[in-house]
Amino acid sequence: MHSENIIDIFEYSAQKKDSSRLKILLLADDVHHNSNVTDDINQYKSYSKHKIDIYNPIHKKLKTIRGKLFPNSSLQLKRYDAIIIHYSIYILGEYFLSNDLSDKIKKYKGLKIQTIRDEYRNINDMIEKQSYLGINILFSVLRVKHIKKVYGHPSLSKMLIVSCIPGNVSDYLTKINVPKIKDRKINISYRSRFLPAELGKFAQEKIRLGIELEKLCHASKLSCDISVLDKDRVYGSEWIDLHNKSKVMLAAPGGVSLFDFTGEALKRVTSIKENNPNLSEEEIIDQHLSDLDGNITHKQPTPRMFEAISLRVPLLMPVDDYREVFKPWDHYIPLEDAFTNWNEILKLLRDDYYLQDLADRAFSEIVESGRWDRKLFVEKFDDIISLQYARNQ
């Protein structure tokens, strides 16, 4: 992978040289239950200068730029200048992308773009499918140094890869009237979910953080709403309500520490769980994945962090660089390893004036600055696509 084939979105300035509007087909699950996913899909319809139709290949429905819905519409790809395959469509799963549609995309002569998440799984198979489809531009959430390791296969040598982050400020969240910190009843909240062993030890940190923090909250007589169980996950209005009740939200860096190129890690974990179902995820990692864990440690800011700041909820987060988006003390309360600064944090968690000041400052510097607006991201997205389309003509 040559460096000239990689763009860091942080360093990219839209050139705005091409004012032409392309007709683009966006393949996406636009009825997904997670608002992070639908927000990401809707940003293209809301802010792109291009004319975008959305086709949901799961439900076989086409939604045109004018909002008209055509169920079971037969796709005519040649009508479009470009196709975007959104990350909600997992290209290795026939449930998401049928073999018939894959073949049509392969034969399609226009520009092909893919946005992707969860880049740590089935990497070799994913590269093979990207090569088969003929993807021209990939919008990845990996750092540049990791892109070179993951996508260095010769079959992708002509693919342009753009390094971005999985999340930006959603405008509608910033317009919600939220209560002041002093009027919220829960000291600290957190939600995580089950993360399997094949993601490596770093992924387990999200669970450990929640469990340890809940113990400390109870010992310190703080009210908390913390869960690492899938059954307690909340979405939509319930997620917003939880923010409105919380003085502080715990958040953890997204990412994993095991990139499974061949599927070997998943095979081992599946076999181990069949033969020894009582082993914990961390025990599986320590005893059976130590030779694979740590091959790439990928850390990143998450959409949940932008959501909390947009809703003026102060963040408590482990110390990390967060790709220089969030800075300790300016945008979040830094949590040291093993909670060694808990006594200092405890004082701050009980200081509503401090928390309000932190929430307002983070809102001003992250939201009101406009640097992380979805509109700005889509402007850069559009520019990159326009330039690449012009070069391909």
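The notes below deal with the structure included here. (Residues numbered from 1 in each chain as written. Predicted model: local features only at pLDDT ≥ 70, side-chain atom pairs only at ≥ 80, totals over all residues. Heavy atoms only, no water.)

## Details of the pattern of salt bridges
Inference 1: Under the definition given, this model contains 22 salt bridges.
Inference 2: The salt bridge involving lysine 215 is made with glutamate 212; its shortest N-O contact spans 3.8 Å. Linking lysine 215 with glutamate 212, this pair stays in helix H6 (residues 201-219), spanning three residues, or about one helical turn.
Inference 3: Taking relative accessible area as the criterion, lysine 215 reaches 52% and is therefore assigned exposed.
Inference 4: Of the residues examined, glutamate 212 reaches a relative accessible area of 30% and is grouped as partly exposed.
Inference 5: Among the salt bridges present, the one from glutamate 264 reaches arginine 268, with a minimum N-O distance of 2.9 Å. Taken together, the residues glutamate 264 and arginine 268, both in helix H8 (residues 264-275) and four residues apart, mark about one turn of the helix. (Salt bridge = Lys/Arg side-chain N within 4 Å of Asp/Glu carboxyl O. Helix = DSSP H or I, 4+ residues; strand = E, 2+ residues; numbered from the N terminus. Buried < 20%, exposed > 50% of the residue type's maximum accessible area, 1.4 Å probe, protein only.)

## A look at helix H10 (residues 303-310)
Inference 1: Most of H10 sits inside the fold, with seven of its eight residues counted as buried.
Inference 2: For H10, the set of buried residues is Arg304, Met305, Phe306, Glu307, Ala308, Ile309 and Ser310.
Inference 3: Check the buried side of H10 and you find it contacts helix H1 (35-47), helix H5 (171-174), helix H7 (236-245), strand S15 (315-318) and helix H12 (352-368).
Inference 4: Arginine 312 occupies a position one or two residues after H10 and carries a positive phi of about 55°. (Contact = heavy atoms within 4.5 Å.)

## Examining empty space enclosed by the protein
Inference 1: By the definition in use, this model includes four cavities of 30 Å³ or more.
Inference 2: Quantified by volume, the largest cavity comes out at close to 90 Å³.
Inference 3: Around the largest cavity, the lining residues are Asp40, Gln43, Tyr44, Thr115, Arg117, Phe139, Val141, Cys164, Ile165, Gly167, Asn168 and Phe377.
Inference 4: Of all the elements, H1 adds the most residues to the lining of the largest cavity, at three residues.
Inference 5: Across the lining of the largest cavity, the residue classes tally to six nonpolar, four polar and two charged.
Inference 6: Estimated volume of the second largest cavity: approximately 60 Å³.
Inference 7: Around the second largest cavity, the lining residues are Asn36, Asp39, Gly167, Asn168, Val169, Ser170, Leu173, Pro303, Phe306, Glu307, Ser310 and Arg374. (1 Å grid on protein atoms, 1.4 Å probe; cavity = no way out; pocket = protein on both sides within 12 Å on 5 of 7 lines; lining within 4 Å. Points joined across faces, edges and corners; volume = space filled by probe spheres on them. Nonpolar A, V, L, I, M, F, W, Y, C, P; charged D, E, K, R; others polar.)

## Considerations on the layout of surface pockets
Inference 1: When its volume is computed, the second largest pocket comes out at roughly 290 Å³.
Inference 2: The leading source of residues in the lining of the second largest pocket is H6, at five residues.
Inference 3: Here the lining of the second largest pocket is built from residues that sort into nine nonpolar, no polar and seven charged.

## Here's the deal with the sheet that holds strand S12 (residues 246-250)
Inference 1: Ordered in space as S11-S10-S12-S15-S16, the five strands form an open sheet in which the pairing is parallel. Strands at the two margins of the open sheet, each flanked by one partner only, are strand S11 (224-227) and strand S16 (333-335). In this sheet, neighbouring strand axes are inclined to one another by 25° on average, regardless of whether the strands run parallel or antiparallel.
Inference 2: By the bridge criterion, three bridges tie strand S10 (residues 186-191) to S12 in an arrangement that is parallel. Across the sheet, the residue bridging to isoleucine 186 is serine 246, located in S12.
Inference 3: In this fold H6 packs onto S10, S11, S12, S15 and S16, with an angle of close to 150° to the strand it touches most, S11.
Inference 4: In this fold H7 packs onto S10, S11 and S12, with an angle of close to 115° to the strand it touches most, S12. (Pairing = 2+ DSSP bridges. Axes fitted to C-alpha atoms, helices over the stretch in contact; angles between N-to-C directions.)

## Quick notes on the nonpolar core
Inference 1: Core analysis: the biggest nonpolar cluster contains 64 residues, and Leu27, Ile85, Tyr151, Leu213 and Leu316 have the highest contact counts within it.
Inference 2: Beyond its immediate stretch of four places on either side in the chain, leucine 316 contacts Ile188, Leu213, Val248, Met249, Leu250, Ala251, Ile333, Leu335 and Ile345.
Inference 3: Among the nonpolar cores identified, the runner-up in size contains 28 residues, and Ile41, Ile54, Phe381 and Ile385 belong to it. (Core = buried A, V, L, I, M, F, W, Y, C linked by side-chain atoms within 4.5 Å.)

## Section: the packing of aromatic side chains
Inference 1: Per the stated rule, a full pass over the model turns up 12 aromatic pairs.
Inference 2: Ring geometry for tyrosine 322 and phenylalanine 326: centres 6.3 Å apart, planes at 70°, overall edge-to-face. Assigned by exposure class, tyrosine 322 and phenylalanine 326 land together as buried.
Inference 3: When the ring of phenylalanine 339 is compared with that of tryptophan 342, the centres are 6.5 Å apart and the planes differ by 75°; the resulting orientation is edge-to-face.
Inference 4: Joined through ring pairs, the aromatic side chains of Phe10, Phe306, Tyr322, Phe326, Tyr332 and Trp372 make up one cluster.
Inference 5: The ring centre of tyrosine 90 lies 4.1 Å from the NZ or CZ of arginine 121, which sits over that ring.
Inference 6: The aromatic ring of phenylalanine 363 is capped on one face by arginine 312, whose charged end is 3.8 Å from the ring centroid. (Phe/Tyr/Trp six-rings, centres within 6.5 Å; stacked < 30°, edge-to-face > 60°. Lys NZ or Arg CZ within 6 Å of the ring centre and 35° of its normal.)

On their own, these measurements won't tell you what the molecule is for.
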